[in-house]
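Below are the chains, spelled out letter by letter.
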Amino acid sequence: MSATTTTTVKSGCPLDCPDACSLSVTVKDGRVITIDGSHSNTVTRGYICAKVRGYAGHLYGPERLLYPAVRRGLKGEGRFERATWDEALSLITDRLRATRREWGGEAILPLSYGGSNGYLSQDTTDARLFHRLGASRLLRTVCAMPTGRAAEALYGKMAGVAYPDYAVARLIVVWGANPSVGGIHLVPYIQEAQKNGGRLVVIDPRRTPLARRADSHLALRPGTDLGLALAVIRWLFANDKADTRFLARHTTGGDELRRRAEPWTLERAAEVTGLRAGDIESFARLYAGTRPAVIRCGWGLERNRNGGSAVAAVLALPAVAGTFGERGGGYTLSNSAVWDVNTELAAAEPEPATRAVNMNQVGAVLTDSPQPPVKLLFVYDCNPLMTLPAQERVRAGLQREDLFTVVFDQVLTDTARYADVVLPAATFLERREIARGYGAYVLQDRAAVIAPVGESRANHEVFAELCARTGVSRPGDPTTTEELAEAIYRSSARRDAIRDGLAERGVALPPAGPTPVQFVDAFPGTSDGKAHLVPAELDREAPQGLYGFRTGPEESFPLALISPSTDKTISSTLGQLRRQHVPVEIHPDDAAARGISDGDRVRLHNSLGEVRCRARVTPDVRPGVVSLPKGLWSHNTESGTTANALCPDSLADLGGGACFNDARIEVERISR
Ligand SMILES: Nc1nc2c(c(=O)[nH]1)N[C@H]1C(S)=C(S)[C@@H](COP(=O)(O)OP(=O)(O)OC[C@H]3O[C@@H](n4cnc5c(=O)[nH]c(N)nc54)[C@H](O)[C@@H]3O)O[C@H]1N2
Ligand SMILES: Nc1nc2c(c(=O)[nH]1)N[C@H]1C(S)=C(S)[C@@H](COP(=O)(O)OP(=O)(O)OC[C@H]3O[C@@H](n4cnc5c(=O)[nH]c(N)nc54)[C@H](O)[C@@H]3O)O[C@H]1N2
Ligand SMILES: [Mo]
């Protein structure tokens, strides 16, 4: 009889979510049995989402990659033959070298995004490898670029209102965010505020769970937030509700902002947003007259042609109305910058000045034959076929016979089926990881909970080995897990606070005081410490100037398609566990006009592609808008294509950001 051992081990979730939950993992005989929340991260409060509770399905499911493999079938078919790590890395090394020799380093394109949000597994030895090979640089633009540009220029990425402080707010505005799926630990604090008489306003084209419980749900047309925010700003100035003292003392650009908001009368905003002028005015009045008032700005509003200006206008609101300076007042966007980790320093490798590729346009780059062409694509920490816009262009690129594609992932994704070589990656439970929240104020450094499943290996180890094999390693490079962790901490301006927190509690918590209060103990990180309401750099960057509202090119498709997050996946991560087909949501009026009933098969199409799936007829989306979630896999629709097949690869006004929520399509019933 063999003795069984069961232990409970602490971990921290690094997946791409604001909350960064602290975890308690039960391990029996080296296998993960259950995963639950702990209290180390104070906002986790002992509970976590169902996705991560079911993460054992990701660790041990049939899609898990257990060893390296080399393609034997056609691209896309998913037929591979097992190889050793040595064979796979030799093959990759040869191809990296040959590509560089024949076409130059820029013919190599590393493609990575949010799969592994941890500090150890991204921008460490991977950056070193690709930078030193002189590879094309990747502009990581699919998410958070417009919000990041706006937040940095206006406030220098000032720390935001902490989740627990939402409980004391008297007005909470949830703007283009859906915390009920995308950061669940904010929700109880919002409920607490409501229980204490606080008001809730939700600004979203869909009736989200919070919109149902809100005092006011402003279901605007997607991509029109700029008009709404400027109309509120105009109303505040016009009705003597602007905080002129605050504006004079703590901001620049207030007068110019007022001038730019001037055309946005309630009537014009109503026309553009599809809201009633009276509802906009009521919201403006409520925001002017309620304290503390906090805005939770999400990412739904950034993903369109005016998204950057929209976010800037939303972030300007607390300055104009003067909601800063008290607990529960101000705004929250991303708090990722508060740890001040300098990844370039940590990797000991500055970015070279090689060709920069906007990842929203990878499909075009792979198919348009730029000089030099991309001949080697190295995909890790992302699933581009399912998460980039213009899916059919991406697919056409991945199908190119003369493209050598490496996919380094934990599971056999739809993208991995197109790989020439697949490499198995270790999950955060199989290696050390340093994970920080971008909503919750927390940083956790946790050791492996189990041994690597199969032959999977950690990113930083594999890229360090590729550095050595390609001959770009240098003496003194931080390379081992311990050296890299040390370099990460050393690069941070907050290293002492982090180290003390980790030593005392195993987690590092808030950067200042109990939690930071904006303009009391968190101030703008701009050059002069003021909020810049019309920053010159954004004004230069936005095609029509900051706060300019771009319309057109004229659309020939009548419905706006949005693709929000769901509680089943994180982007496309864990999508292999969601087996069912997923329907598109359409409003009863739009369905009736097209003879579509609930459950009918429909075809969604525009000039970029098509999706065939079922229709769910529901008033939860506003008329004129259809919704098909982000993060689907090919098995989730009848056609094997997803919303991304319909998403344009055009760019937002700031940061080269994605326009996922700026798609126009038509929907038709498929006759049986
Ligand atoms: N239609 C539409 N598309 C969207 C969006 C949208 O709103 N609408 N949103 C966009 C947004 S917000 C984002 S952030 C992007 C995200 O897009 P991606 O960056 O592609 O993210 P995921 O789909 O989560 O894929 C991450 C992959 O990394 C793998 N992975 C996880 N950890 C590791 C690791 O340690 N090592 C390696 N090698 N691999 C690992 C996972 O298994 C997973 O397959 O999608 C974007 N796509
Ligand atoms: N469960 C789960 N959690 C996640 C993720 C996930 O995929 N699943 N993704 C993670 C990632 S990568 C990110 S970036 C964050 C994103 O976090 P959120 O910003 O909360 O997520 P989204 O679902 O992209 O968008 C939020 C809301 O914006 C709405 N929306 C769409 N277009 C517009 C618009 O033009 N204006 C306005 N006002 N609203 C609009 C959508 O209907 C949606 O309800 O969440 C993270 N957390
Ligand atoms: Mo994201």
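Residues numbered from 1 in each chain as written. Chains lettered and ligands numbered in written order. Predicted model: local features only at pLDDT ≥ 70, side-chain atom pairs only at ≥ 80, totals over all residues. Heavy atoms only, no water.

1. A closer look at helix α13 (residues 277–289)
Inference 1: The end-to-end C-alpha distance of α13, which contains 13 residues, comes to 18 Å, matching closely the 18 Å that a straight helix rising 1.5 Å per residue would cover.
Inference 2: Those residues of α13 that fall on the buried side of the exposure criterion are I280, F283, A284, L286, Y287 and A288. (Helix = DSSP H or I, 4+ residues; strand = E, 2+ residues; numbered from the N terminus. Expected span 1.5 Å × (residues − 1). Buried < 20%, exposed > 50% of the residue type's maximum accessible area, 1.4 Å probe, protein only.)

2. Focus: the site of ligand 1
Inference 1: Neighbouring ligand 1 are 30 residues; T387, D409, N459, S572 and T573 lie closest to it.
Inference 2: Separating an oxygen atom of ligand 1 from a backbone N or O atom of G114 is a distance of 3.0 Å.
Inference 3: Between a nitrogen atom of ligand 1 and a side-chain N or O atom of D381, the distance comes to 3.0 Å.
Inference 4: Taking 930 Å² as the accessible area of ligand 1 by itself, protein coverage stands at 97%.
Inference 5: Counted by class, the shell around ligand 1 contains 11 nonpolar, 13 polar and six charged residues. (Near = heavy atom within 4 Å. Polar contact = N/O pair within 3.5 Å; in protein donor to acceptor, adjacent residues only side chain to side chain. Areas by Shrake-Rupley, 256 points an atom, 1.4 Å probe, with all protein chains shown as cover. Nonpolar A, V, L, I, M, F, W, Y, C, P; charged D, E, K, R; others polar.)

3. A word on the site of ligand 2
Inference 1: In the vicinity of ligand 2, 34 residues are found, and the nearest of them are D204, G223, D225, W299 and T569.
Inference 2: The backbone of I203 places a nitrogen or oxygen atom 3.2 Å from a nitrogen atom of ligand 2.
Inference 3: Take S571: an N or O atom from its main chain is 2.8 Å from an oxygen atom of ligand 2.
Inference 4: Protein chains shield 98% of the accessible area of ligand 2, which is 910 Å² for the free molecule.
Inference 5: For the shell around ligand 2, the per-class residue count stands at 15 nonpolar, 12 polar and seven charged.

4. Quick word on the packing of helix α3 (residues 85–103) against helix α19 (residues 459–470)
Inference 1: With their axes 10 Å apart at the nearest point, α3 and α19 run at an angle of 55 degrees to one another. In terms of their interaxial angle, α3 and α19 are classed as oblique. Between α3 and α19 the crossing geometry is right-handed. Along its contact with α3, which presents W85, D86, L89, S90, I92, T93, L96 and R97, the element α19 presents V462, E465, L466, R469 and T470.
Inference 2: Of the residues in the contact of α3 with α19, the class split is six nonpolar, three polar and four charged. (Axes fitted to C-alpha atoms, helices over the stretch in contact; angles between N-to-C directions. Parallel < 35°, antiparallel > 145°, perpendicular 65-115°, else oblique. Left-handed = near helix turned anticlockwise from the far one by under 90°. Contact = heavy atoms within 4.5 Å.)

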